Every structure is written in C-alpha cells, then in structure tokens.
Amino acid sequence: MHTLVVVTHPSPTSLTRAAFGRVLAGLESGGHEVRVIDLDAEGFDPRLSLDEKRRHLDPPESKPDLSEHFAALRWAERLVLVYPTWFGGFPARLKGWIDRSWASGVAFELPEGATRIHPGLRNIRRIEVVTSHGGSRLLNLLQGNPGKLTTFRMLRALCHPLCRRRFTAIYDIDRVDPATVSIWLDDIEKRYAK
C-alpha cells in the first residue's frame, strides 16, 4: 500500500518522534511503499498568506512551492498523521499543512456554479492518526476531540467514500510510566507491520 506519513514535532527526542520511528519500522517490515513529509525538517511554513488565500481556488499548478505535497497526496492510498496534541488539537505546522496542501484541484473540486465541493482524494482509502496527549482521555473528550474530529469528519470526507480510519493515542504522557509508553510504542510497530 502506498503510505504517506506526515510528522511534526520540533524535538528529535520527543515521544512523537519515537512513535514516528515505530510507524516507519512497522511499515518497512510490512513491505509498504512509504513517503514521508517531515514538516519540521523541511521548515514548512504553516501561514496561509493573504495572497495565497485570495488564490485558494486557483489550480495547483499556480502553487509550485507545494507541488511535492500535492503529488504525495495524489500518490497515497493511506495517510498517517503523527503529531502531538497541543491545546486539544493539531500543532500549527500540521494545521497549516492541511490549510495549504489540501487545496482546490487536489483535495477537492468546486465546479463552476456549484455550491458544494467534490472530493478529490478518492485514492486515499485509509486515514490514521498517531498522537499523544498531555491530559487525560476525559479532558480531551471535554475539549471536543478537535484533532480527531477534523481528521475523521473533514479530511476523511475528501477521501474515498469507504475510507477507513484508525486513531491511536496515548494519554496523560506527563504521568504515565515508562513501561506503558514502551508497550504503546511496541503496539504501534506491530500494527503498522500488518
């Protein structure tokens, strides 16, 4: 399966980076074809400028600085987002990547005169999240699960109609014991090796 992994965390020694390594190890042992977008390593600019916002519906060819991201999205059959949950949702780089890369002509089409968009990433049949939370599962639920909802309601709606989903999270990371973290990381690698 063509798997696109998008990762963001500024620290190379973070739990997110450890989870990312396990995702890659599992995918490699499972024989999947993998592409990686490391938003921090490439210094991805999450800001949607006024000019870019004005040109939001322009064709993707008019945005050459995002062409590799567009190509990766069109190539993928599976999308895996690996990120820490901050303030209940996505870090800025990931949110900005979605704002800028899930663009007209790639993630959706808005035909002339239409009032509803048409999904453009029907090639993506699986969308998955691997994330960590500083707070409890209950706290994230009370916050409304914004990262999970954005991924599984908004992004998934632009993918294949039968797109499957998976949410893998660890909670209370500031209080959880190292053995629990180790088990979680081992489980990630096993899941992605299948």
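Details of the structure are given in the entry above.
Residues numbered from 1 in each chain as written. Predicted model: local features only at pLDDT ≥ 70, side-chain atom pairs only at ≥ 80, totals over all residues. Heavy atoms only, no water.

Draft legend 1. Structural detail: the overall build of the chain. Tallying secondary structure elements over the chain gives 7 helices and 7 strands in all. The order of helices and strands in the chain, counted from the N terminus, is β-α-β-α-α-β-α-β-β-β-α-α-β-α. Computed over C-alpha atoms, the radius of gyration of the chain comes to 17 Å, within 12% of the 16 Å expected from 2.2 N^0.38 for 194 residues, which places it in the range of a compact globule. Taken along its principal axes, the extent of the C-alpha atoms in the chain is 55 × 35 × 30 Å. Counting only residues that meet the buried cut, the chain has 44% of its 194 residues in that class. When contacts within the chain are restricted to residue pairs at least 6 apart in sequence, those whose partners lie at least 24 apart make up 79%. Surface summary for the chain: the accessible area is close to 10200 Å², and the carbon and sulfur share equals 54%. Looking at charge distribution, the chain has the averaged site of its 28 positive side-chain charges lying 7 Å from that of its 23 negative ones. (Helix = DSSP H or I, 4+ residues; strand = E, 2+ residues; numbered from the N terminus. Rg over C-alpha atoms; globule rule 2.2 N^0.38 Å. Buried < 20%, exposed > 50% of the residue type's maximum accessible area, 1.4 Å probe, protein only. Contact = heavy atoms within 4.5 Å. Areas by Shrake-Rupley, 256 points an atom, 1.4 Å probe, with all protein chains shown as cover. Lys, Arg positive; Asp, Glu negative; His and termini not counted. Charge placed at Lys NZ, Arg CZ, Asp CG, Glu CD.)

Draft legend 2. Geometry of the environment of Leu155. Its place among the elements puts Leu155 in helix α6 (residues 146–155). Placed 88 residues apart in sequence, Leu155 and Ser67 show a C-alpha to C-alpha distance of 19 Å. Once you skip the residues sitting within four places of it in the chain, Leu155 turns out to touch Leu81, Ile98, Trp102, Ile127 and Thr150.

Draft legend 3. How the structure looks around the sheet that holds strand β1 (residues 2–7). One open sheet holds the 5 strands; their spatial order is β2-β1-β3-β6-β7, and the pairing between them is parallel. Strand pairing shows two members of the sheet lacking a second neighbour, β2 (33–38) and β7 (164–170), which therefore form its edges. Recorded for the sheet is a direction-independent mean angle of 15 degrees between the axes of neighbouring strands. Inspection of the sheet shows β1 paired to strand β3 (residues 78–85) by 5 bridges, in the parallel sense. Along β3, the bridge assignment pairs Leu4 with Leu79. Contacting β1, β2 and β3, helix α4 (residues 92–101) runs over the sheet at an angle of about 145 degrees to β3. (Pairing = 2+ DSSP bridges. Axes fitted to C-alpha atoms, helices over the stretch in contact; angles between N-to-C directions.)

Draft legend 4. The arrangement of helix α1 (residues 15–29) in detail. Over its 15 residues, α1 extends 21 Å from the first C-alpha to the last, a length consistent with the 21 Å expected when each residue adds 1.5 Å. Check the buried side of α1 and you find it contacts β1, β2, β3, β6 (126–133), β7 and α7 (178–193). Two residues or fewer after α1 comes Gly31, characterised by a positive phi angle close to 80 degrees. (Expected span 1.5 Å × (residues − 1).)

Draft legend 5. A look at the packing of α1 against α7. α7 packs onto α1 with a crossing angle of 30 degrees between their chain directions and a minimal axis gap of 6 Å. Taken together, the axis directions place α1 and α7 in an arrangement best described as roughly parallel. In the crossing of α1 with α7, the sense of the turn from one axis to the other is right-handed. Residues Leu15, Ala18, Ala19, Arg22, Val23, Ala25, Gly26, Leu27 and Ser29 of α1 touch α7, and the partners they reach there are Val181, Trp184, Leu185, Asp186, Ile188, Glu189, Tyr192 and Ala193. Residues of the contact of α1 with α7, tallied by class, amount to 12 nonpolar, 2 polar and 3 charged. (Parallel < 35°, antiparallel > 145°, perpendicular 65-115°, else oblique. Left-handed = near helix turned anticlockwise from the far one by under 90°. Nonpolar A, V, L, I, M, F, W, Y, C, P; charged D, E, K, R; others polar.)

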